[in-house]
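Structural description and commentary
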Amino acid sequence: MGSHLASFSFPTAMLFGSGAIAELPVRLKQMGGRRALVVTDKAMIETHAFEVLANALGRADIGKSWEIFDGVHSNPSEQDVVLAAKMFKEVSCDSVIAFGGGSSLDVGKAMRLLVKKPTLKLKDYNFNDDWSALARCVAVPTTAGSGNEVRRHATITLAGTQKKAELFLPRLVPKLVVLDPDLTRDLSPIMTAATGIDALTHCIEAYTSPQIQPMCDGIALEAARMIVESLPRAFANGHDAYARGQMLVAASMSGVACQKELGATHSLSHPLSTLAAMHHGTANAVCLPHVMHFNAQRKPGLYRRIGQVCGLDVLRVPPEVADFRTIEFIKKFIADLGLKPALHHYGLKETQFDALAEQAFADACHLTNPVPVNRDDLKTIYRAAL
């Protein structure tokens, strides 16, 4: 019986609202933080969002109460984690502010493992080791997509193998998340779209995962509804404060829903990032409709509730019709956000599919796909997406 027990947990403290970042120094002190390392990427340093953060923390205090590590890459590598942890030690920090998109959040979360165990190679990471007393961490997302600010994983490309590893540890979840829509207003339309579709993919894959987590089901459906309502608005007008705020909350909700795990879309998109340098959200946008079609053929009616929260008339139609209407809606929704629908638009060729399918099959996300997939299935989906 024990193997059928489900575990529910929603422990993250969240601060939401325009100007919320101003509270960060006070909250850090309340948590016992005296010297923070801001973990981010070089491009973020030039943004309005970073200027707002620097003003909140005190520009005059750089080198005193806070330091900057800006070495995160768009597909974060083990070396990023190693260098961030090394700097944390060298400048005597006691807390982390993970600031930026999903990659910066992942590095900010994961580097604390190496602060505790400096000689650890991430390929040897063991969930059962003693991971108590990790450095305190605050996450400040500047995109509404990954939900990494509330997720119990950090996704890092391992040294040597070029494969993405999902480092799973509930203690990785930051103690505080600051959701300030002002920090996302200058995100470009195309990045708004790509990161927003990442969040929508999380909702759809988490909801249809066979794992038992009814609280996550409700959260996934409501987050999907919010994204369908607000993403086109945020895409059309980055300064739409309501839409930006709704997207930030929905992205975090989608991250919470990922406690149910994901599906084949993510197994397909991870190698597209590591082997073909595609943005993760864009890769999801291309693969998602094809995975939905594959799944619906084998499990009719799977996407009826998703269609319902998208505002479609799907309740009193046959299961196949509900799925068709939902998938067609998702295709058009993605296209209307300016995201090109096929892999060939991003330079992919069929000769790459063997290597991609090999890595996709090794990726654990498809283990919680609503229907089983094998290596050939994954290659077939890549071919359909070409």
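The model shown is predicted, which means the values in this text are computed figures rather than measured ones. (Residues numbered from 1 in each chain as written. Predicted model: local features only at pLDDT ≥ 70, side-chain atom pairs only at ≥ 80, totals over all residues. Heavy atoms only, no water.)

A closer look at the sheet that holds strand β4 (residues 95–100)
Ordered by their spatial adjacency, six strands build an open sheet running β1-β8-β5-β4-β2-β3, and the pairing between neighbours is parallel. Where the open sheet ends on each side, the last strands, each with one partner, are β1 (13–16) and β3 (66–69). Averaged over all pairs of adjacent strands, the angle between their axes in this sheet comes to 20°, without regard to strand direction. Looking at chain direction, strand β2 (residues 36–39) and β4 are connected through four bridges and run parallel. Paired with V38 across the bridge in β4 is I97. Packed onto the sheet, helix α4 (residues 78–90) meets β2, β3 and β4 and runs at close to 160° relative to β3. (Pairing = 2+ DSSP bridges. Helix = DSSP H or I, 4+ residues; strand = E, 2+ residues; numbered from the N terminus. Axes fitted to C-alpha atoms, helices over the stretch in contact; angles between N-to-C directions. Contact = heavy atoms within 4.5 Å.)

Digging into the pairing of strand β8 (residues 176–179)
Burial of the side chains of β8 extends over both faces: L176 and V178 are buried on one face and V177 and L179 on the other. Note that β1 and β8 share four bridges and pair parallel. In the strand pairing of β8, F16 is matched with L179. Two elements, strand β5 (residues 136–141) and β8, share two bridges in a ladder whose sense is parallel. Following the sheet pairing, V138 is matched in β8 by L176. (Buried < 20%, exposed > 50% of the residue type's maximum accessible area, 1.4 Å probe, protein only.)

With respect to the packing of aromatic side chains
Scanning the model with the defined rule gives six aromatic pairs in all. Judged by centre distance (5.7 Å) and plane angle (25°), the ring pair of F127 and F168 falls under stacked. With F127 in the loop between α5 (102–116) and β5 and F168 in strand β7 (residues 164–168), the pair connects residues that are 41 residues apart, well separated along the chain. For F127, a relative accessible area of 39% corresponds to the partly exposed category. Classification of F168 by relative accessible area gives partly exposed; the value is 27%. Three or more aromatic residues joined by ring pairs make a cluster, and in this case those are F50, W66 and F99. (Phe/Tyr/Trp six-rings, centres within 6.5 Å; stacked < 30°, edge-to-face > 60°.)

Purely geometric stuff here, so don't read any function into it on its own.
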